[in-house]
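Descriptive analysis of the structure
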Amino acid sequence: MTSTTPRDYLERVIRVDHAGEYGAKRIYQGQLAVLRGTRHEPTIRHMQEQEQEHLDTFSRLIGERRVRPTALLPLWHVAGFALGAVTAALGVRAAMACTVAVEEAIDEHYAEQAATLGEDEAPLRAKIERFRADELEHRDIGLANEAELTPGYRLLSAAIKAGCKVAISVTERV
Ligand SMILES: [Fe+2]
Ligand SMILES: [Fe+2]
């Protein structure tokens, strides 16, 4: 990020976090489409509601800070839902494995942003740290629901995390 100005960096942060929270909400909506009516519904709904709160914050920041949202929202609309629905169709454990992988990727992403943002952006940094704590709670919910017992867990997890990293780096720019 050495070649970018603080304003460029701020725009990337808000753009990618807005898109990420949007995608996260869609993942949980995809999971709910499959797991509605099961005993897992309240747990997944709780996570979806927190993603909505995160998304609302970044939607507000997009307006307040005059940041262009990513052009890829329609893609994350479809891809997020599909990822949630397909993993849920494989079973609750696979859905939870998806949650663990995504939230681990977001944890690293938010940690890096919190470490990079300066004192002049302390309020934004505090929001990111608060959301990061929620994402870690989601990861722990996934682990508590036997995510690691999914057949092919390591491969599934690595594939989803790699996908998240590609999504993050493309969305920062586009
Ligand atoms: Fe979130
Ligand atoms: Fe989350």
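Look a little higher up for the structure.
Residues numbered from 1 in each chain as written. Chains lettered and ligands numbered in written order. Predicted model: local features only at pLDDT ≥ 70, side-chain atom pairs only at ≥ 80, totals over all residues. Heavy atoms only, no water.

Before going further, it helps to examine the coordination of the iron ion (ligand 1). Protein coordination of the iron ion (ligand 1) is provided by E21 (OE), E21 (OE), E51 (OE), H54 (ND1) and E135 (OE), with donor distances spanning 1.9 to 2.7 Å. The sequence motif formed by the donor residues of the iron ion (ligand 1) is E-x29-E-x2-H-x80-E. The distance between the iron ion (ligand 1) and the iron ion (ligand 2) comes to 3.7 Å, and E51 binds to both of them. Of this pair, E51 sits in helix α2 (residues 41-64) while E135 sits in helix α5 (residues 122-144), placing them 84 residues apart in sequence. (Donors = N, O, S within 2.8 Å, 3.2 Å for Na, K, Ca; no water. Helix = DSSP H or I, 4+ residues; strand = E, 2+ residues; numbered from the N terminus.)

Take the packing of helix α1 (residues 6-35) against helix α4 (residues 92-116) next. Following both chains from N to C, one finds α1 and α4 inclined at 165 degrees, their axes separated by 12 Å at the closest point. Viewed along their axes, α1 and α4 adopt a mutual orientation that is roughly antiparallel. Both α1 and α4 take part in a crossing whose hand is left-handed. Facing Y9, V13, V16, D17, E21, I27, Y28, Q31 and L35 of α1, the residues of α4 in contact are V92, A95, C98, T99, V102, E103, H109, Y110, E112, Q113 and T116. (Axes fitted to C-alpha atoms, helices over the stretch in contact; angles between N-to-C directions. Parallel < 35°, antiparallel > 145°, perpendicular 65-115°, else oblique. Left-handed = near helix turned anticlockwise from the far one by under 90°. Contact = heavy atoms within 4.5 Å.)

Here we come to helix α6 (residues 153-173). In a regular helix each residue adds 1.5 Å, so 21 residues correspond to 30 Å; α6 covers 31 Å between its end C-alpha atoms and thus fits that length. Along α6, the residues that are buried comprise Y153, S157, I160, K161, C164, A167, I168, T171 and E172. Down the axis, α6 shows its buried residues gathered within 120 degrees of arc, on one side only. Exposed and facing more than 90 degrees away from the buried side of α6 are R154, L155 and V166. (Expected span 1.5 Å × (residues − 1). Buried < 20%, exposed > 50% of the residue type's maximum accessible area, 1.4 Å probe, protein only. Arc of directions from axis to C-beta.)

Residues I14, F58, V102, Y110, L124, I128 and I160 are the most contacted members of the largest nonpolar core, which totals 21 residues. Going through the elements one at a time, α1, α2, α4, α5 and α6 are the ones with two or more residues in this core. Take this core: its biggest share by element is 6 residues, from α4. In this structure, A88, V100, I141 and Y153 belong to the second largest nonpolar core, which totals 13 residues. (Core = buried A, V, L, I, M, F, W, Y, C linked by side-chain atoms within 4.5 Å.)

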